[in-house]
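Read off the chains here:
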Amino acid sequence: MSGDAILDGLTMACLLVGALMSLAAAIGLLRFPDLMSRMHAATKPQVLGLLLMLAAVALQMRSWALLPVLLGAWIFQLLTVPVSAHMVGRAGYRTKHRRPDLLTVDELNPVVAAAAKDLAGDPEDDGGRDRGGDPAV
Amino acid sequence: MNAMGIVLIIVVVILSLAAAGAIYRIAAGPSLLDRVLAADVLLAIVGAALATDMAVNHHLNNLALLVSLSVIGFIGSVTVARFVSDRREEP
Amino acid sequence: MSRQRISLLQELPLLVFLVLVWGALWQDYSPGNLVFGALIAVGIARIFYLPPVELSGRFNIVLAAVFAGIFLKDVVVASFQVFYLAAVRGPHISNAVIAVPLRSHSDLMITATGHVISLIPGSLVVEVDRATPMLYIHVLNVTSPEQVEKVRAEVRATEAWLIRIMGSKEEVAALAAESSQGVVAQ
């Protein structure tokens, strides 16, 4: 078996598993009962899926100059996916999407309730705790 | 038909199914955030399709698009999430 | 506008990173291209001003490589685990939101821990309390209090890894003292 054939085989494996990861995200979106669980499905398989797809491109092009771009694209994905997931999750938790019946333990609710009470009591305070909560600020 | 062609067809079928699932979630909701999340997944599926095209057809035409997707693709959902959480604070 | 001047040295890691990204995007590492990239990087860092990231000044590259391997394995495991849960458990999943106290007060450490936690098995950061510091994490598929403690220990272990890689000297010393006393992460 020649080297080319092995690399082609690897490429095909990467493409197939990468596509399956996209399918995993879609199945998760359809089957999970609440927003928070769906978010797990939407973020994690995406990251592995993109890595495998980029690996497939690298295996086919076989150029060293290409590797930094592909790696860069993946690293940007690593940096941005948790940010959007956190923002959506945070908004989801604080709006009506919290489903207490699906949580076995919830250690955040008392904290959020206390913060909301502070907010109602003092309209000038725009939720200083909230602002502190953004890693980007 | 060679092996790569068969793999391409399988990948296209899988990605189409995944896209159909994501589009169903965009249509069905039930909430704005669900739709945003599903739109994010749809974007990732489009990215996967772009990468597949490059790998199978041996070209790099989509590379810039793919990199920009991974750099700025998250801005939409962050913006929407921000507005949703702001709205809740009104009584 | 009064801005805190930050020294070029403090900005250097950011600038080097920007120049490398520039080179990668053009797939061209010739000196001319890199110099042009460096000019653009300095311009961007001056115009789009951001507070400097406070680096601790140490970075253990061997541990970082080991951690990258573990992280990659975890990402693969996480993806297949979510796939399995989506396909098999589906609507009958039960989750938890747990609070995990962290050791480090540095923004970089909290952010890095949060990112890694969001990407490895079944956990997602819902809320960050920078003052305490505390991470509130949504965990997929939790049914018992023992599992909660297990996840908490995992998060603490991840933070310990990151401290060993790039934490400040004080944080590393505190970590060493903690493990020599035989305190179980909790």
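Described below are features of the structure shown in this document. (Residues numbered from 1 in each chain as written. Chains lettered and ligands numbered in written order. Predicted model: local features only at pLDDT ≥ 70, side-chain atom pairs only at ≥ 80, totals over all residues. Heavy atoms only, no water.)

Points about the overall build of chain A
Assigned secondary structure in chain A consists of five helices and one strand. Counted from the first residue to the last, chain A has its helices and strands arranged as α-α-α-β-α-α. Relative to its 137 residues, chain A shows a buried fraction of 52%. Partitioning the contacts of chain A with sequence separation of at least 6, the portion at a separation of at least 24 is 61%. Working note: accessible area of chain A is about 5,500 Å², and carbon and sulfur atoms make up 67% of it. (Helix = DSSP H or I, 4+ residues; strand = E, 2+ residues; numbered from the N terminus. Buried < 20%, exposed > 50% of the residue type's maximum accessible area, 1.4 Å probe, protein only. Contact = heavy atoms within 4.5 Å. Areas by Shrake-Rupley, 256 points an atom, 1.4 Å probe, with all protein chains shown as cover.)

Observations regarding the packing of helix α1 (residues 3–31) of chain A against helix α1 (residues 3–28) of chain B
At a closest axis distance of 8 Å, the pairing of α1(A) and α1(B) adopts a crossing angle of 15°. With respect to each other, α1(A) and α1(B) are oriented roughly parallel. The way α1(A) lies across α1(B) gives a crossing that is left-handed. Classifying every residue of the contact of α1(A) with α1(B) gives 20 nonpolar, three polar and two charged. (Axes fitted to C-alpha atoms, helices over the stretch in contact; angles between N-to-C directions. Parallel < 35°, antiparallel > 145°, perpendicular 65-115°, else oblique. Left-handed = near helix turned anticlockwise from the far one by under 90°. Nonpolar A, V, L, I, M, F, W, Y, C, P; charged D, E, K, R; others polar.)

Some thoughts on the pairing of strand β1 (residues 95–101) of chain C
Residues and elements named next belong to chain C. A large share of β1 lies buried, amounting to six of its seven residues. With six bridges connecting them, β1 and strand β3 (residues 134–139) associate as antiparallel partners. Bridge pairing in β3 links Ala96 to Val139. (Pairing = 2+ DSSP bridges.)

Focus on the interface of chain A and chain B
Put simply, an interface is often sized by how much accessible area is lost when its parts join up. Chain A puts 44 residues into the contact, and the matching count from chain B is 47 residues. Buried area between chain A and chain B, both sides added, is near 4,000 Å², and the carbon and sulfur share of it is 78%. When the area that chain A buries against chain B is broken down by residue, the three leading residues are A:Met12, A:Leu15 and A:Leu29, summing to 13%. The closest approach of N and O atoms between A:Arg38 and B:Asp34, which form a salt bridge, is 2.5 Å. (Buried area = accessible area lost by both parts, 1.4 Å probe. Salt bridge = Lys/Arg side-chain N within 4 Å of Asp/Glu carboxyl O.)

Quick notes on the interface of chain A and chain C
If you look at the interface, chain A gives 50 residues, while chain C gives 50 residues. In total, chain A and chain C occlude about 4,200 Å² of area from one another, counting both sides; carbon and sulfur atoms represent 69% of this. The tally of links between chain A and chain C comes to one salt bridge. For C:Glu127, the salt bridge is made with A:Arg90, and the minimal N-O distance between the two is 3.2 Å. Joining chain A to chain C, the criterion identifies nine residue pairs in polar contact (both at pLDDT 80 or more). Within the residue set of the side of chain A that touches chain C, elements represented by two or more residues are α1, α2 (35–61), α3 (67–94), β1 (103–106) and α5 (128–133) of chain A. Top contributing element to the side of chain A that touches chain C by residue count: α3(A), with 14 residues. Residue composition of the side of chain A that touches chain C, by class: 33 nonpolar, nine polar and eight charged. (Polar contact = N/O pair within 3.5 Å; in protein donor to acceptor, adjacent residues only side chain to side chain.)

Looking at the packing of aromatic side chains
Residue and element names in this part refer to chain C. Under the definition given, this model contains four aromatic pairs over all chains. Each ring, one from Trp22 and one from Phe36, has its centre 5.9 Å from the other, and the planes form 70°; the classification is edge-to-face. Of this pair, Trp22 sits in helix α1 (residues 8–26) while Phe36 sits in helix α2 (residues 31–47), and the two are 14 residues apart along the sequence. (Phe/Tyr/Trp six-rings, centres within 6.5 Å; stacked < 30°, edge-to-face > 60°.)

What to know about unusual backbone geometry
Despite not being glycine, A:Arg62 shows a phi value in the positive range, around 50°. The class of A:Arg62 is partly exposed, set by a relative accessible area of 40%.

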